[in-house]
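Single-letter residue listing:
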Amino acid sequence: MGSAKKSSTASRKARIEEMRKAERARDRRGRIITITLSTVVVAALVVGGVILFQKGDDSDTASDGNSAPTFKTTADGEKVWDAKKLGRTHVTKDVSYSMTPPVGGDHDQVWMNCNGDVYKDEIPERHAVHSLEHGAVWVTYNDKAKPADLKKLEQKVKQTPYSLMSPVKDQKDPVMLSAWGHQRTVTGADDKKVGSFFSTYVQGKQTPEPGAACTGGKSQ
């Protein structure tokens, strides 16, 4: 009788030990699964962060694929862009430029006539940029410009081949001058920097296509 009781006790202990082993095994499996899932989650977060970072880096990219090049400002206030970073691809759609007015970048294959042409209405930027590529100086103004200044500037443009003039209502300052990769604000028609800008940049060294036509293009 005692022997049977001992056997039953041993058997019960054995079953309990087996149950404990099974429970420990389940705990180990649970820990492994938890660690694996945690690793996967962390990896996903890292990948997601990289993708978001890359998207953030692309925020300065123009809609046409051009990057938005930065500029340097000279001691006397002229903004200068690296001409090598200004796109020169011909496109047939509007271009999202990083500056107003634009001083370069991808542009339409047809230029705006710039043989001393004065336009009373706004002109398509992508055509005007092509004129800058040919070595033109573009005089622009908004509704804050003084009529007397505009009259004098019109006369100067009309007397200067490879120049054009038009309103750009969204530009920051009343009167601005642009060439390929160069731009400055002037106080008015009598500002000495007007003459200097024209003499330097009308068919100047910055011109990507010197001697290219300023007639036979697009007129308003």
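The structure displayed is predicted, hence computed values, not measured ones. (Residues numbered from 1 in each chain as written. Predicted model: local features only at pLDDT ≥ 70, side-chain atom pairs only at ≥ 80, totals over all residues. Heavy atoms only, no water.)

Novice: What is the right way to read the pairing of strand β9 (residues 182-185) from this model?
Specialist: Remark: a regular strand shows side chains that alternate across the two faces of the sheet. As defined by bridge partners, strand β2 (residues 79-81) adjoins β9 across 2 bridges and the pair is classed as antiparallel. Each bridged residue has a counterpart across the sheet, and for Lys 79 the counterpart in β9 is Gln 183. Where strand β8 (residues 175-179) lies against β9, 4 bridges are found, and the strand directions are antiparallel. Residue pairing for β9: Met 176 is matched across the bridge by Thr 185. Once β8 ends, the chain turns through 2 residues before running back antiparallel as β9, passing Gly 181 with a positive phi of about 80°. (Pairing = 2+ DSSP bridges. Helix = DSSP H or I, 4+ residues; strand = E, 2+ residues; numbered from the N terminus.)

Novice: Help me understand the pairing of β8, please; the structure alone is not making it clear to me.
Specialist: The element β8 is extensively covered by neighbouring structure, given that 5 of its 5 residues are classed as buried. Going residue by residue along β8, you find Val 175, Leu 177 and Ala 179 tucked away on one face and Met 176 and Ser 178 tucked away on the opposite face as well. With 4 bridges joining them, strand β6 (residues 137-141) and β8 adopt antiparallel strand pairing. What sits directly across from Val 139, in β8, is Leu 177. (Buried < 20%, exposed > 50% of the residue type's maximum accessible area, 1.4 Å probe, protein only.)

Novice: Would you mind showing me how to read the state of the cysteines here?
Specialist: In a disulfide, the sulfur atoms of two cysteines are covalently bonded to one another. Taken as a whole and judged by the stated rule, the model has 1 disulfide. There is a disulfide in this structure between Cys 114 and Cys 214, and the S-S distance comes to 1.6 Å. Disulfide Cys 114 to Cys 214: torsion about the S-S bond roughly -90°, handedness left-handed. Highlighted residues: Cys 114 in the loop between β4 (107-108) and β5 (115-118) and Cys 214 in the segment after α4 (192-201), separated in sequence by 100 residues. (Disulfide = S-S within 2.5 Å.)

Novice: I keep staring at the environment of Thr 92 and nothing clicks. Help me out?
Specialist: The topology assignment puts Thr 92 in the loop between β3 (90-91) and β4. Each C-alpha atom of the pair Thr 92 and Gln 109 lies 7.6 Å from the other, and the pair is 17 residues apart in sequence.

Novice: Explain the packing of aromatic side chains to me, please; I cannot follow it from the model alone.
Specialist: Each aromatic ring pair is specified by the distance between its two centres and by the angle formed by the two planes. All told, the structure shown has 2 aromatic pairs when counted by the stated rule. Ring centres of Phe 71 and Trp 81 lie 5.0 Å apart, and the angle between their planes is 50°; this geometry places the pair in the tilted category. Taken as a pair, Phe 71 in strand β1 (residues 71-73) and Trp 81 in strand β2 lie far apart in primary sequence, 10 residues in all. Of the residues examined, Phe 71 reaches a relative accessible area of 38% and is grouped as partly exposed. (Phe/Tyr/Trp six-rings, centres within 6.5 Å; stacked < 30°, edge-to-face > 60°.)

Novice: How do you make sense of the packing of helix α3 (residues 147-158) against α4 when you look at a structure like this?
Specialist: Close contact between α3 and α4 brings their axes to 13 Å; oriented N to C, the two are set at 20°. The angle between α3 and α4 places the two elements in the roughly parallel class. Here α3 and α4 pass one another in a crossing that is right-handed. Packed against α3, whose contacting residues are Leu 153, Lys 156 and Val 157, the element α4 presents Val 194, Gly 195 and Phe 198 at the interface. (Axes fitted to C-alpha atoms, helices over the stretch in contact; angles between N-to-C directions. Parallel < 35°, antiparallel > 145°, perpendicular 65-115°, else oblique. Left-handed = near helix turned anticlockwise from the far one by under 90°. Contact = heavy atoms within 4.5 Å.)

Novice: Even after reading the chapter, I still don't get the pattern of salt bridges, so can you show me in this structure?
Specialist: Pairs can form between side chains of opposite charge whenever their charged atoms are close. As enumerated under the stated definition, the model contains 8 salt bridges in all. Of the charged contacts in the structure, one is a salt bridge between Glu 209 and Arg 88, with a shortest N-O distance of 3.3 Å. Taken together, the residues Glu 209 in the segment after α4 and Arg 88 in the loop between β2 and β3 connect sequence positions 121 residues apart. As a salt-bridge pair, Asp 94 and Arg 126 come within 2.5 Å of each other at their nearest N and O atoms. Of the two residues, Asp 94 is situated in the loop between β3 and β4 and Arg 126 in helix α2 (residues 125-133); the sequence distance between them amounts to 32 residues. Using a relative accessible area of 59% as the deciding quantity, one classes Asp 94 as exposed. (Salt bridge = Lys/Arg side-chain N within 4 Å of Asp/Glu carboxyl O.)

On their own, these measurements won't tell you what the molecule is for.
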